[in-house]
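Residue-level structural notes
Single-letter residue listing:
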Amino acid sequence: VDAPEFTRHIPRIEDYLWLAEDGMKMQGNNGSMLWDTCFATHAVANAVVAAKAKRSKANLKTPDLDRVYNSLIDCSGFVDVMQIRKDPEEREKFFR
């Protein structure tokens, strides 16, 4: 990891990551809704799969599963809408 592009960022790492009394903190941007939705959707989907695998021990009723299913559909729709499907006009002009 001797690349100059990487080593120039090392002195600034504390601007973005720091350890606080309640754990690691990260400075990000305002666009985390997509990431948050994806991580939450992934967790919920895995929980449903695990509950189905343990169906005899799970206490999930059909209405609960219907709500979870509908939420996953909503999340999928949000992720779909957030996709960038074409390059912006004049992208070369604004590329760093």
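Just above sits the structure.
The text that follows walks through the structure, step by step, so that each part is easy to find. Nothing here was measured: the structure is a model prediction, and the numbers come from that model. (Residues numbered from 1 in each chain as written. Predicted model: local features only at pLDDT ≥ 70, side-chain atom pairs only at ≥ 80, totals over all residues. Heavy atoms only, no water.)

What to know about the pairing of strand 2 (residues 23-26)
Moving residue by residue along a regular strand, the side chains alternate between the two faces of the sheet. So the rule is basically this: Should DSSP find at least two bridges between two strands, the strands are taken to pair. The secondary structure listing takes helices from DSSP runs of H or I that are at least 4 residues long and strands from runs of E that are at least 2 residues long, numbered from the N terminus.
With four bridges connecting them, strand 1 (residues 17-20) and strand 2 associate as antiparallel partners. Residue pairing across strands places Leu19 opposite Met24, the latter belonging to strand 2. Once strand 1 ends, the chain turns through two residues before running back antiparallel as strand 2.

Some thoughts on the packing of aromatic side chains
Each aromatic ring pair is summarised here by two numbers: the centre-to-centre distance and the angle between the ring planes. The criterion, for reference: To pair, rings of Phe, Tyr and Trp, with the six-membered ring standing in for Trp, must have centres within 6.5 Å; the planes then decide the type, stacked if under 30 degrees apart, edge-to-face if over 60, and tilted in the middle. Each residue is assigned to one of three classes by its accessible area relative to the maximum for its type, calculated with a 1.4 Å probe on protein chains only: buried under 20%, partly exposed between the two thresholds, exposed over 50%.
By the definition in use, this model includes one aromatic pair. A ring pair is formed by Trp35 and Phe39, whose centres lie 5.6 Å apart and whose planes are at 35°; its orientation type is tilted. Taken together, the residues span about one helical turn, with Trp35 and Phe39 both in helix 3 (residues 33-53) at a distance of four residues. The residues Trp35 and Phe39 share a single accessibility class, namely exposed.

Some thoughts on a nonpolar patch on the surface
Quick reminder of the rule: Only residues whose relative accessible area exceeds 30% and that form no salt bridge enter a patch; like-charged residues are grouped when within 9 Å of one another, and nonpolar side chains (Val, Leu, Ile, Met, Phe, Trp, Tyr) when within 5 Å. Accessible surface is estimated by sampling points in the Shrake-Rupley manner with a 1.4 Å probe; for residues, cover comes only from the protein chains shown. One side-chain nitrogen of Lys or Arg within 4 Å of one carboxyl oxygen of Asp or Glu is enough to make a salt bridge.
A cluster of nonpolar side chains, namely Ile13, Tyr16, Leu17, Leu19, Met24 and Met26, defines an oily patch on the protein surface of about 680 Å² accessible area. Those elements giving two or more residues to the nonpolar patch turn out to be helix 2 (13-16), strand 1 and strand 2. Mapped onto the fold, Leu17 is located in strand 1.

What about helix 3?
Note the threshold: To estimate how far a helix should extend, the number of its residues minus one is multiplied by 1.5 Å. Throughout, the arc means the angular range of directions from the helix axis out to the C-beta atoms.
Taking 1.5 Å per residue as the helical rise, helix 3 with its 21 residues ought to reach 30 Å, and the 30 Å between its terminal C-alpha atoms agrees with that figure. Residues Thr37, Thr41, Val48 and Ala51 constitute the buried set of helix 3. Across the axial projection of helix 3, the buried residues extend over an arc of 90°, all falling on one side. Residues of helix 3 that are exposed and point over 90 degrees away from its buried face: Trp35, Phe39, His42, Val49 and Ala53.

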